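Structural features, examined
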Amino acid sequence: QVQLVESGGGLVQAGGSLSLSCTASGFSFKMYSMGWFRQAPGKEREFVAGIGWSGGSTYYADSVKGRFTISRDNAENALYLQMNNLKTEDTAVYYCGADRYTVSVRETRPEYWGQGTQVTVYS
């Protein structure tokens, strides 16, 4: 069965850092583009960051570029998001997702979704 399980969310002060992880199983992880997405209360789910099969190509929403770094470890079927200089606007439930096509990740419509992990940034 396909599973994507996020972890690492929590409470952090503005300006601080947090690292999220996503562990995948049940599909050929190394053949899938991966992404991080977030959804704040009352808002639509949005694309945050994406990464290609081997990790050679990365893509970021303008709102997080320069602050967040996406990476993957195909040997461990794992996806990561390092978040630095966090802002209150980053508060949301963060989801990982997987799709064989990069465009699907960038358009916030991956084939597979995780359950999400809460990130709360306070001032």
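Here the structure is shown first, and the text comes after it.
Here is what the cut-offs are and how they apply
Residues numbered from 1 in each chain as written. Predicted model: local features only at pLDDT ≥ 70, side-chain atom pairs only at ≥ 80, totals over all residues. Heavy atoms only, no water. Disulfide = S-S within 2.5 Å. Helix = DSSP H or I, 4+ residues; strand = E, 2+ residues; numbered from the N terminus. Buried < 20%, exposed > 50% of the residue type's maximum accessible area, 1.4 Å probe, protein only. Pairing = 2+ DSSP bridges.

Disulfide: a covalent bond formed between the sulfur atoms of two cysteine residues. Counted according to the given criterion, the structure contains 1 disulfide. Disulfide pairing is shown between Cys 22 and Cys 96; the S-S distance is 2.0 Å. Taking the sign of the S-S torsion, about 55 degrees here, the bridge from Cys 22 to Cys 96 comes out right-handed. In this pair, Cys 22 is assigned in strand S3 (residues 18-25) and Cys 96 in strand S9 (residues 92-99), connecting sequence segments 74 residues apart. According to the relative accessible area criterion, Cys 22 is buried, its value standing at 0%.

Located in the positive-phi region is Asn 77, a residue other than glycine, with phi close to 50 degrees. With respect to the helices, strands and loops of the structure, Asn 77 is situated in the loop between strand S7 (68-73) and strand S8 (78-83). With relative accessibility at 25%, the residue Asn 77 sits in the partly exposed group. Its identity is not glycine, yet Asn 85 carries a phi of approximately 50 degrees, on the positive side. Among the secondary structure elements, Asn 85 is positioned in the loop between S8 and S9. Taking the relative accessible area as the measure of exposure, Asn 85 reaches 42% and is therefore partly exposed.

Attention now moves to the pairing of strand S4 (residues 33-39). Across the 7 residues that make up S4, a large majority, 6, are buried. Bridge count for S4 against S9 is 7 bridges, and the pairing is antiparallel. Opposite Trp 36, over in S9, you have Cys 96 as the bridge partner. Both S4 and strand S5 (residues 46-51) contribute to a ladder of 5 bridges, which runs antiparallel. Its bridge partner being in S5, Arg 38 is matched across the sheet by Glu 46. Hairpin remark: S4 followed by S5, antiparallel, with 6 residues in the connecting loop; positive phi at Gly 42, about 75 degrees.

All right, on to the environment of Gly 55 then. Relative to the helices and strands, Gly 55 resides in the loop between S5 and strand S6 (58-60). Residues Gly 55 and Thr 23, spaced 32 residues apart in sequence, show a C-alpha to C-alpha distance of 16 Å.

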